Amino acid sequence: MTPRIRPLLFAALALASLGTFAADPGYPNKPIRIVVPFAPGGSGDFIVRTMSDRFAAAIKQSVVVENRGGGNTITGTEHVARSAPDGYTLLFASTALSTNPSLVPNLSYRTPEDFTPVGLVITYPFVLAARTNLEINTIPELIAYAKKNPGKLTVSTSGDGSGAHLATALLKEAADIDLMTIPYRGAGPAMNDVAAGHVDMTFTGMSQVKPHLDSKRVKVLATSGLQRMQSAPDAKTIAEQGLPGFNAVVWWGLLAPAGTPKDVVDKINAALKVSLADPEVAKRMAIIDGDVRVSTPQEFEKLIRDEVVRWKRLIKPSGMAAR
């Protein structure tokens, strides 16, 4: 090798190394942060906090759950995308990850290219919950009222472009009705204002609904999946109530920044499986009444890519946008 070529080769190797991240053989040797890009109190917050202690035990390191809500999940998601790909900063993402590419112009990160999927954790239907004194108890009654009073019924959502917002948009489209959506910074605040009687109804997870349902501050009008929920067998699906084929579900899963080493991802995935198999965790997760299953990283990546395409077909023609 000539003296002139050697420095060029070394420079090329140095540049190439910038795009990789060496695995830490002692991983994990410091606390792991799981970022939830929503305000505290939502379904995702409930899920990750339910499994975090067992996850910490399985991976043999302390785990800190950090809420970074705002910007339709962009604040927390962008933070993780820009973090070191070392397995110490993770994202607990929802359906919003696959809808934001169609909702937000010039998004600061790419989905899924700027992330390393670790595993899908759960999918579940929404509950359409309403304030108890709302004189509507079924989907046919809701549709009839909305047709006579367009734009009068209010629906809170966990943010513009969130899963709850999209479920509401699907209902409006399927029933050909006008509903007024009111965005909140998270599912918890959105649910609380329904329970307080300030908003008529909301789409959210059963974990959000149950405390208010038990205290008789809200009632269930329907669920959004194709099958009834085991925890609410008397609640009919929207599909059963005159809108056949209606199906809106939410998913949650764990991701790392792009470039995270495969052996680190595999360790996290294995710890996820152990934590969700724990009987106590399973008992607490039953309140959500969803399909709890840790997928492979490859399966999760395929789901995300498919979801990006699916929601783009709905969102682009509607002109919907996150604000």
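In this text the structure is predicted, and so the values were computed from the model without any measurement. (Residues numbered from 1 in each chain as written. Predicted model: local features only at pLDDT ≥ 70, side-chain atom pairs only at ≥ 80, totals over all residues. Heavy atoms only, no water.)

Chemist: So what about the overall build of the chain? Which residues, and what values?
Modeler: Looking only at helices and strands, the chain features eleven helices and eleven strands. Taking 20 Å as the expected radius of gyration for a compact globule of 323 residues, we find that the chain reaches 22 Å, a close match to that expectation. Along the longest, intermediate and shortest principal axes, the C-alpha atoms of the chain span 85 × 45 × 30 Å. As displayed, the chain has an accessible area near 14600 Å², and 55% of this comes from carbon and sulfur atoms. Distance from the positive charge centre (35 side chains) to the negative charge centre (29 side chains) of the chain: 3 Å. (Helix = DSSP H or I, 4+ residues; strand = E, 2+ residues; numbered from the N terminus. Rg over C-alpha atoms; globule rule 2.2 N^0.38 Å. Areas by Shrake-Rupley, 256 points an atom, 1.4 Å probe, with all protein chains shown as cover. Lys, Arg positive; Asp, Glu negative; His and termini not counted. Charge placed at Lys NZ, Arg CZ, Asp CG, Glu CD.)

Chemist: Outline helix H7 (residues 187-195), supporting the account with residue identities and numerical values.
Modeler: Among the residues of H7, those classed as buried are Ala-187, Gly-188, Ala-190, Met-191, Val-194 and Ala-195. Considered in projection along H7, the buried side chains sweep an arc of 165° and stay on one side of the axis. Along its buried surface, H7 packs onto helix H2 (43-59), strand E5 (127-131), strand E6 (154-157), strand E8 (201-204), helix H8 (206-214) and strand E9 (218-223). After H7 finishes, the residue Gly-197 shows a positive phi value of roughly 85°. (Buried < 20%, exposed > 50% of the residue type's maximum accessible area, 1.4 Å probe, protein only. Arc of directions from axis to C-beta. Contact = heavy atoms within 4.5 Å.)

Chemist: Any details on the packing of H2 against helix H9 (residues 262-277)? Residues and values, ideally.
Modeler: Contact geometry of H2 with H9 gives a least axis separation of 8 Å together with a crossing angle of 130°. Put simply, H2 runs oblique to H9. The interaxial crossing formed by H2 with H9 has right-handed handedness. Together, Met-51, Arg-54, Phe-55, Ala-58 and Ile-59 of H2 and Lys-267, Ile-268, Ala-271, Leu-272, Val-274, Ser-275 and Leu-276 of H9 make up the contact between the two elements. Each residue belonging to the contact of H2 with H9 can be placed in one class, and the counts come to nine nonpolar, one polar and two charged. (Axes fitted to C-alpha atoms, helices over the stretch in contact; angles between N-to-C directions. Parallel < 35°, antiparallel > 145°, perpendicular 65-115°, else oblique. Left-handed = near helix turned anticlockwise from the far one by under 90°. Nonpolar A, V, L, I, M, F, W, Y, C, P; charged D, E, K, R; others polar.)

Chemist: An account of the pairing of strand E3 (residues 89-94) is requested, with residue identities and associated values reported.
Modeler: Counting buried residues along E3, six of its six residues qualify, which places the element largely inside the surrounding structure. Alternating positions in E3 separate into two faces, Thr-89, Leu-91 and Ala-93 on one and Leu-90, Phe-92 and Ser-94 on the other, with burial throughout. Judged from the three bridges that link them, strand E1 (residues 32-36) and E3 form a sheet pairing that is parallel. By the bridge assignment, Ile-34 is partnered in E3 with Leu-90. Relative to strand E10 (residues 249-257), E3 runs antiparallel, the two sharing four bridges. Among the inter-strand pairings, Ser-94 is bridged to a residue of E10, identified as Trp-252. (Pairing = 2+ DSSP bridges.)

Chemist: So what's going on with helix H3 (residues 74-81)? Which residues, and what values?
Modeler: If you check which residues of H3 are buried, you get Ile-74, Gly-76, Thr-77 and Val-80. Relative to the axis of H3, the buried residues are bounded by an arc of 165° and lie together on one face. Against E1, E3, helix H4 (96-103), strand E4 (115-125) and E10 lie the buried residues of H3.

Chemist: Just give me the short version of the sheet that holds E8, but keep the residues and values in it.
Modeler: Pairing is mixed in the open sheet, where five strands are placed in the order E7-E6-E8-E5-E9. This sheet does not close on itself; its edge strands, each paired only once, are strand E7 (180-183) and E9. Neighbour to neighbour, the strand axes of the sheet diverge by 30° on average, direction disregarded. Note: E6 against E8, two bridges, orientation parallel. Directly across from Ser-156, in E8, lies its bridge partner Thr-202.

Chemist: Which residues make up the sheet that holds E4, and what values do they have?
Modeler: Two strands in a sheet stick together by hydrogen bonds in their backbones, pointing the same way (parallel) or opposite ways (antiparallel). Reading across the sheet, the six strands line up as E2-E1-E3-E10-E4-E11 and stay open at both edges, with mixed pairing between neighbours. Of all the strands in the sheet, just strand E2 (63-67) and strand E11 (291-292) have a single pairing partner and so form its edges. Packing against the sheet, H9 makes contact with E3, E4, E10 and E11, and its axis sits at approximately 20° to E4.

Chemist: An account of the nonpolar core is needed here, citing residue identities and associated values.
Modeler: Judged by nonpolar contacts, the single largest core of 81 residues is most densely connected at Ile-47, Phe-92, Leu-142, Leu-179, Met-201 and Ile-268. Those residues in contact with Met-201, other than ones at most four positions away along the chain, are Leu-128, Ala-129, Ala-130, Leu-142, Leu-153, Thr-154, Val-155, Ser-156, Leu-179, Val-194 and Leu-221. Tyr-184, Met-206, Ala-232 and Ala-235 belong to the second largest nonpolar core, which has 14 residues in total. (Core = buried A, V, L, I, M, F, W, Y, C linked by side-chain atoms within 4.5 Å.)

Chemist: An account of the packing of H7 against H8 is needed here, citing residue identities and associated values.
Modeler: Where H7 contacts H8, the two axes come as close as 10 Å, and the packing angle between them is 25°. Regarding the angle of H7 to H8, the classification is roughly parallel. In terms of crossing hand, the pair formed by H7 and H8 is right-handed. Residues Ala-187, Gly-188, Met-191, Asn-192 and Ala-195 of H7 pack against Gln-208, Val-209 and His-212 of H8. Partitioned by chemical class, the residues of the contact of H7 with H8 number four nonpolar, four polar and no charged.

Chemist: So what about the pattern of salt bridges? Which residues, and what values?
Modeler: Under the criterion given, the structure shown has 15 salt bridges. For the salt bridge of Lys-210 with Asp-214, the shortest nitrogen-to-oxygen distance reads 2.9 Å. Placement of the pair is Lys-210 and Asp-214 together in helix H8, with a separation of four residues, close to one helical turn. In this structure, the salt-bridge partner of Arg-305 is Glu-301, at a minimum N-O distance of 3.1 Å. Here Glu-301 and Arg-305 lie together in helix H11 (residues 297-318), a separation of four residues that amounts to about one turn. (Salt bridge = Lys/Arg side-chain N within 4 Å of Asp/Glu carboxyl O.)

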